[in-house]
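An overview of the molecular structure
Residue strings, one per chain:
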Amino acid sequence: MKILLVDGTVLGRKTGAILEEIQGYIEQFDGTLDLELVRFSDYEHQIVDGRPFDQYNTGMQELVRKLESADGYIFATPIFQGSIPGVLKNTLDFLNPKALRYKPVSIVANGGTHQHHLVVENQFKPILDYFRALVTPNYVYTHTSHFDDQNNIIDENVHERLQELARVFVKYCELSANLPKQPLD
Ligand SMILES: Cc1cc2nc3c(=O)[nH]c(=O)nc-3n(C[C@H](O)[C@H](O)[C@H](O)COP(=O)(O)O)c2cc1C
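Residues numbered from 1 in each chain as written. Predicted model: local features only at pLDDT ≥ 70, side-chain atom pairs only at ≥ 80, totals over all residues.

A closer look at the nonpolar core
If you look at the biggest cluster of nonpolar residues, it comprises 36 residues, and the most contacted ones within it are Ile22, Ile74, Val108, Ala109 and Tyr139. Elements that contribute at least two residues to this core include exactly strand 1 (2-7), helix 1 (14-29), strand 3 (72-78), helix 3 (86-94), strand 4 (104-111), helix 4 (118-130), strand 6 (140-143) and helix 5 (156-177). Other than its neighbours up to four places away in sequence, Val108 contacts Thr15, Ile18, Leu19, Ile22, Ile74, Ala76, Tyr139 and Val140. (Core = buried A, V, L, I, M, F, W, Y, C linked by C-beta atoms within 7 Å. Buried ≥ 20, exposed ≤ 12 C-beta atoms within 10 Å, placed from the backbone. Helix = DSSP H or I, 4+ residues; strand = E, 2+ residues; numbered from the N terminus. Contact = placed C-beta atoms within 7 Å.)

Brief notes about the site of the ligand
For the ligand, the set of nearby residues contains 15 residues, the closest of which are Gly12, Lys14, Pro78, Gly111 and Thr113. Residue composition of the shell around the ligand, grouped by class: four nonpolar, nine polar and two charged. (Near = placed C-beta within 6 Å. Nonpolar A, V, L, I, M, F, W, Y, C, P; charged D, E, K, R; others polar.)

As for helix 3
When helix 3 is considered as a whole, its buried residues turn out to be Leu88, Thr91 and Leu92. Looking straight down helix 3, one finds its buried side chains confined to an arc of 100°; they lie on one side. Buried residues along helix 3 sit against helix 2 (58-69), strand 3 and helix 4. (Arc of directions from axis to C-beta.)

Some words on the packing of helix 1 against helix 5
Put simply, helix 1 and helix 5 touch, their axes get as near as 9 Å, and they point 50° apart. By the angle between their axes, helix 1 is oblique relative to helix 5. Where helix 1 crosses over helix 5, the two elements pack in a sense that is right-handed. Seen from helix 1, the contacting residues are Glu21, Ile22, Tyr25, Ile26 and Phe29; seen from helix 5, they are Leu162, Gln163, Leu165, Ala166, Arg167, Phe169 and Val170. Residue composition of the contact of helix 1 with helix 5, by class: nine nonpolar, one polar and two charged. (Axes fitted to C-alpha atoms, helices over the stretch in contact; angles between N-to-C directions. Parallel < 35°, antiparallel > 145°, perpendicular 65-115°, else oblique. Left-handed = near helix turned anticlockwise from the far one by under 90°.)

Considerations on the environment of Ile154
Looking at where Ile154 falls in the secondary structure, it is placed in the loop between strand 6 and helix 5. You can call Ile154 partly exposed: it has 13 C-beta atoms within 10 Å. Separated by 90 residues in sequence, Ile154 and Val64 place their C-alpha atoms 34 Å apart. When neighbours within four sequence positions are excluded, Ile154 is seen to be in contact with His146, Phe147 and Asp148.

A few points about helix 1
End to end, helix 1 covers 23 Å across 16 residues, agreeing with the expected 22 Å (1.5 Å per residue, within 8%). Taken together, the buried positions of helix 1 are occupied by Lys14, Thr15, Ile18, Leu19, Ile22 and Ile26. For helix 1, the angular spread of buried residues about the axis comes to 130°, placing them on one side. Helix 1 presents Gly24 and Gln28 as exposed residues on the side facing more than 90 degrees away from its buried surface. Those residues of helix 1 hidden inside the fold are in contact with strand 1, strand 2 (34-39), strand 3, strand 4, strand 6 and helix 5. (Expected span 1.5 Å × (residues − 1).)

Brief notes about unusual backbone geometry
Although it is not a glycine, Arg132 sits at a positive phi angle of roughly 60°. On the secondary structure map, Arg132 appears in the loop between helix 4 and strand 5 (134-135). Positive phi is not limited to glycine here, since Asn151 has a value of about 65°. Tracing the backbone through its elements, the reader meets Asn151 in the loop between strand 6 and helix 5. Overall, the presence of 17 C-beta atoms within 10 Å leaves Asn151 in the partly exposed class.

In structure tokens, the structure reads:
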């Protein structure tokens, strides 16, 4: 299965650091998964404005195709202005509504405010529910204080939660593999 670890921001380093960490944990639980880290900062993003798809830049076309054809996702998001970054929502707006259906998804997030883990519950999960993704019941929210100056995760509890998330995610991959998918229209 092709699993994308999606760093859904063009600004900041901590979400990418979380993904690098969880990548190692997923590999420990299931070495057969084909994991790829996708950084939004590697793309020149364009706003969804209704133009024909082939008129977007090649990077955006490649990103959308990559997302639509993957078999599962770890989405990483920072918290910006009490929500997910606009660039992440914009990229999700490109996708066919069936693209994530019955595919396993886990969320990791980072913010500067402890209470804003609720952004995951109240804003990001409902979007993924709309897509009918298989969202794992657990997610990991980190705070700036969980990192050192080089963005290494120094909080042991965060490591444990990432390990547990990886363990559950690979089970959701097995579940998803047995669920028939519908072709995209
Ligand atoms: C434009 C902007 C808005 C932000 N808004 C919030 C916010 O509403 N809640 C919060 O917890 N953190 C907020 N933050 C903090 C970021 O979530 C946090 O600084 C970031 O995830 C730290 O990662 P970095 O060091 O990789 O940039 C904001 C940061 C920026 C740049």
